[in-house]
Amino acid sequence: MAQTTTDQAPGRSRVPRHGTAAIAALAMGGFAIGTTEFVSMGLLPQMARGVGASIPSTGHAISAYALGVVVGAPVVAFLGSGWPRRALLAWLMVLFAVGNVATALVSSYEGLLIARFVSGLPHGAFFGVASLVAAGLARPGRQGRAVAMVMLGLSVANLLGVPAATWLGQGLGYRAAYWLVAVLGLLTLALVLAFVPSQPGDVDAHWRRELGALAKPQVLLTILTGAVGFGGMFAVYTYIVPTLTEVGGLPESVAPVFLLAFGLGMVAGTWLAGELAAWSVFRSLFIGGGGQGLLLLVFAVLAPYGWWTLPVVFGITATGSILVVNLQLRLMEVAEDAQTIGATMNHVALNIANALGAWLGGLVVAAGWGYQAPGLVGFGLSVLGLGILTVSARLHVRRPA
């Protein structure tokens, strides 16, 4: 299989003296976005009481956020690809802060849905543009490591930001958590303006060209690989607590330990992804997807043995993170001259994976197959994702992207 490398972003500037600080500023944005994306899951009861709705209905706020990601990423790519990238990142953080302030202020169910939708709009676009900027700041051969550092902010959010914001929201009311996230967004805005160097947008960008990237077979195959292959992780993650208690015989009190393992695995995998990308993006995709699929199957087998699944949980998110980071790099490459849409579509794919995995996992549980079944569903999704990736690999050998 041919080894792939990631193209330089258009308008790549000389590495600035404060390049490390610039990437750290972008990672802070990832931390803020990751915190707001996942904190809602731990604060649903409080949010439901705050807007006078049922918990299941309030859960639609999570779906509204995901819809905002899916809508916002391509729209911003179409409309903003010609903007200077620092300015675009800054405005995305302003919109992010506005959405989270609105979440903290609204008192109606409908207002909450709108606020969460607005909060999700900058998500995919920020990660996409930040990845392009980070790649442009990196020395040749180290673009993968730079992009991984940006994505590391999302991983650390699951490890530290989400637990801290959840604790704050449970103690002071859920609105406090979103005020905190809004402050993190404004802090990111200040850091981006202070440390991220000016990089021009693509002066030749046009929405037709960006849209045309979605018709390229390699772009579509890479998006499908993420949307299907990464769905396996969410099939297990969504139902991890009832699996531990009803199948593994563990008390609910151990759930934070397993969630911590998820977060640690994500951090470790994101770091390792950058190292592997310097070797081969394509091979890293197969390592991440194949490793995740195997571990999902192992999880289903070991679920009745409780604590034995703890290292498996760590491995699932570690291999999944290898897959995610290298999907980002692959999309940036195969989109060619439409890199903005390519870089942003990875997070659209991941949100589709979230919805697909949770839905299919719920179907098999509702069908009476038990809480081990989502692990088998996850394994099947991983195998299907590897199949799509294999088609992409064969096409790449015949006609490299």
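Note that the structure is predicted; figures quoted are calculated from it, not measured.

What counts, and where the lines are drawn
- Residues numbered from 1 in each chain as written.
- Predicted model: local features only at pLDDT ≥ 70, side-chain atom pairs only at ≥ 80, totals over all residues.
- Heavy atoms only, no water.
- Helix = DSSP H or I, 4+ residues; strand = E, 2+ residues; numbered from the N terminus.
- Buried < 20%, exposed > 50% of the residue type's maximum accessible area, 1.4 Å probe, protein only.
- Core = buried A, V, L, I, M, F, W, Y, C linked by side-chain atoms within 4.5 Å.
- Contact = heavy atoms within 4.5 Å.
- Phe/Tyr/Trp six-rings, centres within 6.5 Å; stacked < 30°, edge-to-face > 60°.
- 1 Å grid on protein atoms, 1.4 Å probe; cavity = no way out; pocket = protein on both sides within 12 Å on 5 of 7 lines; lining within 4 Å.
- Points joined across faces, edges and corners; volume = space filled by probe spheres on them.
- Patch = residues over 30% accessible without salt bridge, like charges linked within 9 Å, V, L, I, M, F, W, Y side chains within 5 Å.
- Areas by Shrake-Rupley, 256 points an atom, 1.4 Å probe, with all protein chains shown as cover.
- Salt bridge = Lys/Arg side-chain N within 4 Å of Asp/Glu carboxyl O.
- pLDDT = per-residue confidence, 0-100.
- Arc of directions from axis to C-beta.
- Expected span 1.5 Å × (residues − 1).
- Polar contact = N/O pair within 3.5 Å; in protein donor to acceptor, adjacent residues only side chain to side chain.
- Axes fitted to C-alpha atoms, helices over the stretch in contact; angles between N-to-C directions.
- Parallel < 35°, antiparallel > 145°, perpendicular 65-115°, else oblique.
- Left-handed = near helix turned anticlockwise from the far one by under 90°.
- Nonpolar A, V, L, I, M, F, W, Y, C, P; charged D, E, K, R; others polar.

**Student:** What's the story with the overall build of the protein chain in this structure? I'm lost.
**Tutor:** Looking only at helices and strands, one finds 17 helices and 0 strands in the protein chain. Expressed as a percentage of the 401 residues in the protein chain, the buried residues total 57%.

**Student:** Looking at this structure, I do not really get the nonpolar core. What am I missing?
**Tutor:** The nonpolar side chains of soluble globular proteins are, as a tendency, buried together. Of all hydrophobic cores here, the largest spans 75 residues; its most connected members are Leu-26, Leu-89, Phe-126 and Phe-230. Beyond its immediate chain neighbours, meaning those up to four positions away, Leu-89 contacts Leu-26, Phe-126, Val-129, Ala-130, Val-133 and Val-192. Formed by 13 residues, the second largest nonpolar core is a distinct cluster that contains Val-51, Ala-165, Tyr-174 and Ala-177.

**Student:** Is there a simple way to explain the packing of aromatic side chains in this structure?
**Tutor:** The geometry of an aromatic ring pair is captured by the separation of the ring centres together with the interplanar angle, meaning the angle of the planes. Summed over all chains, the structure comprises 6 aromatic pairs. Where Tyr-174 meets Tyr-178, the ring centres are 6.3 Å apart and the plane angle is 75 degrees; that geometry is what we call edge-to-face. Here Tyr-174 pairs with Tyr-178, and both are found in helix H8 (residues 174-195), just 4 residues apart, close to one helical turn. Residue Tyr-174 is classed as buried on the basis of its relative accessible area, which comes to 4%. A relative accessible area of 0% places Tyr-178 in the buried class. Relative to Phe-234, the ring of Phe-230 lies with its centre 5.3 Å away and its plane at 90 degrees, an arrangement referred to as edge-to-face.

**Student:** What should I look at first to understand empty space enclosed by the protein in this one?
**Tutor:** Using a probe with the size of a water molecule, rolled over the atoms, empty space left in the structure can be pinpointed. By the definition in use, this model includes 1 cavity of 30 Å³ or more. Here the largest cavity is characterised by a volume of approximately 40 Å³. Taken together, Thr-225, Gly-229, Leu-285, Gly-289, Leu-323, Ser-382, Gly-385, Leu-386 and Leu-389 make up the lining of the largest cavity. At the level of elements, helix H10 (217-229), helix H14 (281-302) and helix H17 (373-398) are the ones that each hand at least two residues to the lining of the largest cavity. It is H17 that provides the largest number of residues to the lining of the largest cavity, a total of 4 residues.

**Student:** What's the story with a nonpolar patch on the surface in this structure? I'm lost.
**Tutor:** On the surface, Leu-67, Val-71, Val-75 and Leu-79 cluster together into a nonpolar patch covering about 350 Å² of accessible area. With relative accessibility at 66%, the residue Leu-79 sits in the exposed group.

**Student:** Would you mind showing me how to read the confidence of the model for the protein chain here?
**Tutor:** For residues with low pLDDT, the predicted coordinates do not support detailed interpretation. Overall, the prediction assigns the protein chain a mean pLDDT of 83, with 89% of residues at 70 or greater. Note on residues 1-16: pLDDT under 50 across the span, and 51 contacts to partners over four residues away in sequence or across chains.

**Student:** Explanation requested: helix H12 (residues 240-247) in the structure shown.
**Tutor:** Along an α-helix, a turn takes 3.6 residues, which lines up residues three or four apart on a common side. Turning to H12, its buried residues are Ile-240, Thr-243 and Leu-244. Projected down its long axis, H12 carries its buried residues within an arc of 95 degrees, all on one side. Lining the buried residues of H12 we find helix H11 (231-237), helix H13 (255-279), H14 and helix H15 (310-334). Once H12 finishes, Gly-249 follows within two positions and takes phi at roughly 70 degrees, a positive value.

**Student:** When you look at H14 in this model, what are you seeing that I'm missing?
**Tutor:** An ideal rise of 1.5 Å per residue puts 32 Å on 22 residues; H14 measures up with 31 Å between its terminal C-alpha atoms. When we look at burial in H14, the residues that qualify are Val-281, Phe-282, Ser-284, Leu-285, Gly-288, Gly-289, Gly-291, Gln-292, Gly-293, Leu-296, Phe-299 and Ala-300. Where H14 begins, the side chain of Ser-280 points an oxygen toward the backbone nitrogen of Arg-283, at a separation of 3.1 Å.

**Student:** How should I be thinking about the environment of Ser-392 in this particular structure?
**Tutor:** The topology assignment puts Ser-392 in helix H17. Of the residues examined, Ser-392 reaches a relative accessible area of 1% and is grouped as buried. In this structure the C-alpha to C-alpha distance between Ser-392 and Gln-218, which are 174 residues apart in sequence, comes to 6.2 Å. Beyond its immediate stretch of four places on either side in the chain, Ser-392 contacts Gln-218, Leu-221, Phe-282 and Arg-330. Only 2.5 Å separates the side chain of Ser-392 from the side chain of Gln-218, close enough to count as a polar contact.

**Student:** What's the story with the packing of helix H7 (residues 143-172) against H15 in this structure? I'm lost.
**Tutor:** When two helices pack together, their arrangement is given by the angle between their axes and by how far apart the axes lie. Axis separation between H7 and H15 bottoms out at 10 Å; the angle between their running directions is 125 degrees. The orientation of H7 with respect to H15, classified from their angle, is oblique. By crossing handedness, the relation of H7 to H15 is classed as right-handed. Across from Gln-143, Gly-144, Val-147, Ala-148 and Met-151 in H7, the residues of H15 making contact are Val-324, Val-325, Gln-328, Leu-329 and Met-332.

**Student:** Explain the pattern of salt bridges here, please?
**Tutor:** Where charged atoms from two side chains of opposite charge come close, those side chains can pair. Scanning all chains against the criterion turns up 2 salt bridges. In this structure, Glu-275 and Arg-145 form a salt bridge, with 3.1 Å as the shortest nitrogen-oxygen distance. Taken together, the positions of Glu-275 in helix H13 and Arg-145 in helix H7 put the pair 130 residues apart, joining distant regions of the chain. Accessibility expressed as a relative area gives 30% for Glu-275, which makes it partly exposed. For Arg-145, a relative accessible area of 21% translates into the label partly exposed. Here Glu-333 makes a salt bridge to Arg-330, at a shortest N to O gap of 3.5 Å. Of this pair, Glu-333 and Arg-330 both sit in helix H15, 3 residues apart, which is roughly one turn of that helix. Like Arg-330, Glu-333 is buried.

**Student:** Sorry if this is basic, but what is going on with the packing of H13 against H15 here?
**Tutor:** Contact geometry of H13 with H15 gives a least axis separation of 6 Å together with a crossing angle of 40 degrees. By the angle between their axes, H13 is oblique relative to H15. Two packed elements cross with a definite hand, and for H13 against H15 that hand is right-handed. In terms of residue class, the contact of H13 with H15 is made up of 18 nonpolar, 6 polar and no charged.

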